[in-house]
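An overview of the molecular structure
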Amino acid sequence: MKKIQVITLFPEMFDGVLNSSMMWKAQNEGAVEFSLINLREFGIGPRKQVDDTPYGGGNGMLLKPEPLFAAVEAAKAVDPSAQVVLMTPRGQRWKQSLAQDWSENEHGLIFICGRYEGYDERIVSLVDQQVSVGDYVLTGGELPAMTVIDSIVRLLPGVLGGETSAAIESFSDGETLEFPQYTKPAEFRGMSVPDVLLSGHHGEIAKWRAEQSKKAE
Ligand code: ADE
């Protein structure tokens, strides 16, 4: 069972994603266990403060170190060997081969979702990996964390319906994309399914699919 803990100021953002479809099925089948940790609970003082102004001046507020350290320590107490992952646009670019590795290894994961204009740099000392989902900036690490979690969990043994589906699909070999597919009806609004797919010739179909498995520009 893969244990995934997420530290966030907005745990409710995860409800729909983790409790629907494949992520819900994965939990139900005992392949994964999610737990959401509300950073606010580790905030300081009666107002549960989690952010503050930057030293040296500048706009915006930064996540303070004390609540994040306390939250990570609480998560580590539950799962001492877990890897701590910080979602940040400065991180290593996420890719399918990493999803594969992380779904296969034993250790649990603790995701830290950054928010606001940034975080106190000292939190990096807590972190094993920094991950980005692409060269663009989102308002927080929640959507990136959901993306990374989905890509890992669907590869856990028993989660994806047909065990071979993950192996033949886009990016699994690092290069080719999934070929175009069609279902019934064979003719729809003047658009036909390619003849080769209706031919029943498995060799020809495999050749056509290989030709079609190219990257979009
Ligand atoms: N937080 C904000 N933008 C992000 C990105 N592109 N990847 C990961 N975390 C982020």
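In this report, the structure presented in the accompanying data block is examined. On a predicted model such as this, the values are computed, not experimentally measured, just so you know.

What counts and how
Residues numbered from 1 in each chain as written. Predicted model: local features only at pLDDT ≥ 70, side-chain atom pairs only at ≥ 80, totals over all residues. Heavy atoms only, no water. Helix = DSSP H or I, 4+ residues; strand = E, 2+ residues; numbered from the N terminus. Expected span 1.5 Å × (residues − 1). Buried < 20%, exposed > 50% of the residue type's maximum accessible area, 1.4 Å probe, protein only. Contact = heavy atoms within 4.5 Å. Phe/Tyr/Trp six-rings, centres within 6.5 Å; stacked < 30°, edge-to-face > 60°. Arc of directions from axis to C-beta.

1. Focus: helix H3 (residues 65–78)
- For H3, spanning 14 residues, the distance from its first C-alpha to its last is 20 Å, which sits close to the expected 20 Å at 1.5 Å a residue.
- Every buried residue of H3 is accounted for by Pro 65, Pro 67, Leu 68, Ala 71, Val 72 and Ala 75.
- Contact partners of the buried residues in H3: strand E1 (2–8), strand E2 (32–38), strand E4 (62–63), strand E5 (83–93) and strand E6 (109–113).

2. Here we look at the packing of aromatic side chains
- Taken as a whole, this structure holds one aromatic pair when the rule is applied.
- Centroid distance Trp 94 to Trp 102: 4.9 Å. Interplanar angle 70°. Geometry classified as edge-to-face. Each member of the pair, Trp 94 as well as Trp 102, is classed as buried.

3. Brief notes about the environment of Gly 118
- Within the secondary structure, Gly 118 is located in the loop between E6 and strand E7 (129–132).
- Exposure remark for Gly 118: the relative accessible area of 14% places this residue in the buried category.
- In the structure, Gly 118 is positioned 57 residues away from Met 61 in sequence and 7.1 Å away in space, judged by C-alpha atoms.
- Once you skip the residues sitting within four places of it in the chain, Gly 118 turns out to touch Met 61, Leu 62 and Leu 63.

4. What to know about helix H4 (residues 96–104)
- Every buried residue belonging to H4 is among Leu 98, Ala 99, Trp 102 and Ser 103, and all of these are buried. Within H4, the buried residues cover an arc of 130° as seen down the axis, which keeps them to one side.
- The elements touched by buried residues of H4 are E1, E5, E6, E7 and helix H5 (142–153).

In short, geometric facts, not functional conclusions.
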